[in-house]
Each structure stands twice: as structure tokens, then as C-alpha cells.
Amino acid sequence: MDYSPIIGQVWGMLAWFIPAAVLIGLLKSPWAKGHIGELLVRFFAHRQLDERTYRRLHNVTLNTPDGTTQIDHVFLSPYGIFVLETKNMSGWIFGSEKQAQWTQKLYKRTFKFQNPLRQNYKHLKALEATLGANPEHLHSVITFIGGSTFKTEVPANVTQGIGFIRYIQSFQRAVFSEAEVDAMLHALQTGRRTPTLATHREHVQNLKRRSDPTAERQCPRCGNELLIRTVKSGSKAGQQFWGCSWFPKCRTIQSF
Ligand SMILES: [Zn+2]
């Protein structure tokens, strides 16, 4: 009997199975899980915001007077400049436009984190300086990914999941010409720091040097933001440390 067709079939199956198993393994890693929300944001932005109208840039590092700042997503369009900050957090979120600190409740724990609108304000200022654009046409947009629920009324520019797309699309009055959008895209492409690992490391170093408690710090395991936490009880009560914003899915901590 000739087994070669069966062997051929087995090989055919393995050819699918092995990459699939590797892919599933990769997807299960904290790194991938942490980045999936971010990838979905990019995917839906790509699908629903026409690239000819909305020019996209991701992970833009800009120089600021005191170091560098890192912006998740920028959309340049005739309707304005949209600066999107993503927050990968679960649990209940409490906060209002004016509050400096927002609160995350997760099971029975309470965590404070910087009002994302304030955090994004720094990004807007850096962009405004780089582009020389009228601040009126720069719009801050926040989106929470990772399944959190707002328990207080949040401003319209604070969205969930792909809600940021509808917010961006709500601006329909042209304030820039096509040529101006092209010029800004060019200015940003040349004015941004090259998106390399070295740039990222330097950015992290800058943050450490500044030891700015409101600065962004990334989790080395999943890529989400690290937030300042305070030990609630025990012998170390009151001590501060950096904890991953994606807790409890990611339990990375760093000493302060
Ligand atoms: Zn993490």
C-alpha cells in the first residue's frame, strides 16, 4: 500500500497546525494581550477613518522643553488634529473633566491615576509647538480599552473602545486645506523622533531623570502604562511603587 498520500496529508495538517499553535502561544503572552487593544484601535481607525481624509501617525515621540513626550495616535485632517490616548484598564472608572486624579475600582481595591485629559494636554501642547497650529483645532480624545465601565458622567471626548471614531467624525467643519494637512504631516514626520527602541529607551530615561510622578511609564511585560500605587496595609503601608494599569491581568511592579 502506498502511504504517501496520507503522509502528504499529515504534513499538510502539520503545516497549518504548527504556525497556528505558535500563533496561539504568542497571543496568550502578556505582551500580545497588552497590545491587542492597541492593535484593534489601529485596525478600526484604519477601516473607518478614510486615510485620504485622516492622516495617521502612531507612537510619535516629540521633544519638549524638559525632555520628550510620547503620543499614542495622531490623526491629521481638514477637520482638525486629533490626539488619541488609549487607556487599557478594567474595573469601574470614576472621574470628571476638572479632577486631577481619577479613580479605578477593581474588586475591592481603589486606585488613583492621573486624569487622562491632563496627561493628553501635554501631548497637545507638544504638537501645537511642533506644528505651530492654532490650539483651537487640536482635539484631545481618550479611549478606554480593556473593558472598564464609567461610573460617573465623562466628557464627550472620553470614549470607550472604538467610540473615539464617532467623536472624531463629529467634527465636520473644514479648518485646514489639503495642502495644510500635507504640510503638517510632513512637519510631524520630520519633527518627530525616529520611532526606534533607542528613542523609546531615551524617553524612559528622561522620565526617570525627571522622576515626574505624572509621566508616562510603560510596562516592560505588556506595554501598558505603569501607574503610581500606594501600599495599603502591612509593614510597608504608605510606600509607593509603580504598578501596571492592566492589573490584575498583568502584575508587573517596579520600585519607586
Ligand atoms: Zn503590564
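Computed from a predicted model, the values in this text were never measured in an experiment.

**Brief notes about the nonpolar core**
At step 1: Counting residues in hydrophobic clusters, the biggest one holds 19 residues, and the most contacted among them are Val 74, Leu 76, Ile 81, Leu 127, Leu 131 and Leu 188.
At step 2: The set of elements that each furnish at least two residues to this core consists of β1 (55–64), β2 (67–77), β3 (80–88), α3 (116–131) and α5 (178–191).
At step 3: Setting aside anything within four residues of it in sequence, one finds Leu 127 in contact with Leu 62, Ile 71, Val 74, Ile 81, Val 83, Gly 132, Leu 138 and Leu 188.
At step 4: In this structure, Leu 49, Phe 75, Phe 82 and Tyr 167 belong to the second largest nonpolar core, which totals 13 residues.

**Some details on the sheet that holds strand β12 (residues 253–255)**
At step 1: Strands sit in the order β10-β11-β12 across an open sheet of 3 strands; the sheet is antiparallel. Each having just a single partner strand, β10 (226–230) and β12 make up the two edges of the open sheet. For this sheet the average axis-to-axis angle between neighbouring strands, irrespective of direction, equals 35°.
At step 2: Here strand β11 (residues 240–244) runs beside β12; their pairing, made up of 3 bridges, is antiparallel. Of the residues in β12, the one forming a bridge with Trp 242 is Gln 254.

**Comments concerning unusual backbone geometry**
At step 1: The residue after Phe 247, namely Pro 248, is reached through a cis peptide bond having omega 5°.
At step 2: Summarising the element assignment, Pro 248 is placed in the loop between β11 and β12.
At step 3: Phi at Asn 59 is positive, roughly 50°, even though this residue is not glycine.
At step 4: When you line up the elements, Asn 59 lands in strand β1.

**Notes on the side chain of Thr 252**
At step 1: Here Thr 252 shows up in the loop between β11 and β12.
At step 2: Those residues in contact with Thr 252, other than ones at most four positions away along the chain, are Cys 219, Pro 220, Arg 221, Leu 226, Trp 242, Gly 243 and Cys 244.

**Focus on the environment of Gly 80**
At step 1: With respect to the helices, strands and loops of the structure, Gly 80 is situated in strand β3.
At step 2: Measuring from C-alpha to C-alpha, the distance between Gly 80 and Val 175 comes to 6.4 Å, with 95 residues separating the pair along the chain.
At step 3: Those residues in contact with Gly 80 that lie beyond four places of it in its chain are Phe 75, His 137, His 139, Val 175 and Phe 176.

**Points about the pattern of salt bridges**
At step 1: The tally for this structure, following the rule as stated, stands at 6 salt bridges.
At step 2: The partner of Glu 51 in a salt bridge is Arg 56, with the nearest N and O atoms 3.4 Å apart.
At step 3: For Glu 85, the salt bridge identified is with Lys 87, shortest N-O distance 3.5 Å.
At step 4: Classification of Lys 87 as buried rests on a relative accessible area of 2%.
At step 5: By sharing partners, the salt bridges in this structure join Glu 85, Lys 87 and Glu 225 into a single network.

**Focus on the coordination of the zinc ion**
At step 1: Looking at the zinc ion, one finds its protein donor set to be Cys 219 (SG), Cys 222 (SG), Cys 244 (SG) and Cys 250 (SG), positioned 2.3 to 2.4 Å from the metal centre.
At step 2: Coordination at the zinc ion is tetrahedral: its 4 donor atoms span angles of 98 to 116° at the metal.
At step 3: Each donor residue of the zinc ion belongs to the same chain, with the gaps between them written as C-x2-C-x21-C-x5-C. Of this pair, Cys 219 sits in the loop between α6 (197–210) and β10 while Cys 250 sits in the loop between β11 and β12, and the two are 31 residues apart along the sequence. Neither Cys 219 nor Cys 250 differs from the other in exposure class; each is buried.

**Considerations on the UniProt feature "domain: NERD" (unreviewed entry) in the protein**
At step 1: Under the present numbering, the feature "domain: NERD" (unreviewed entry) in UniProt falls on residues 33–150.
At step 2: Here residues 33–150 runs as 27% helix and 47% strand, with 22 Å between its end C-alpha atoms.

**Let's talk about the sheet that holds strand β4 (residues 92–94)**
At step 1: Strand order in the open sheet made by the 4 strands is β6-β5-β4-β8, with mixed pairing throughout. Looking at the sheet topology across the chains shown, the edges are occupied by β6 (109–114) and β8 (149–150).
At step 2: Examined bridge by bridge, β4 and β8 share 2 bridges and lie parallel to one another. Looking at β8, one finds that Trp 92 is bridged to Thr 149.
At step 3: Most of the contacts of α3 go to β6, to which it runs at about 25°, and overall it touches β5 (101–106) and β6.

Thresholds, definitions, all that
- Residues numbered from 1 in each chain as written.
- Predicted model: local features only at pLDDT ≥ 70, side-chain atom pairs only at ≥ 80, totals over all residues.
- Heavy atoms only, no water.
- Core = buried A, V, L, I, M, F, W, Y, C linked by side-chain atoms within 4.5 Å.
- Buried < 20%, exposed > 50% of the residue type's maximum accessible area, 1.4 Å probe, protein only.
- Helix = DSSP H or I, 4+ residues; strand = E, 2+ residues; numbered from the N terminus.
- Contact = heavy atoms within 4.5 Å.
- Pairing = 2+ DSSP bridges.
- Axes fitted to C-alpha atoms, helices over the stretch in contact; angles between N-to-C directions.
- Salt bridge = Lys/Arg side-chain N within 4 Å of Asp/Glu carboxyl O.
- Donors = N, O, S within 2.8 Å, 3.2 Å for Na, K, Ca; no water.
- Tetrahedral: all angles 85-135°; square planar, octahedral: opposite > 155°, others 65-115°.
- UniProt positions renumbered as here; feature names shortened; annotations may be inferred.

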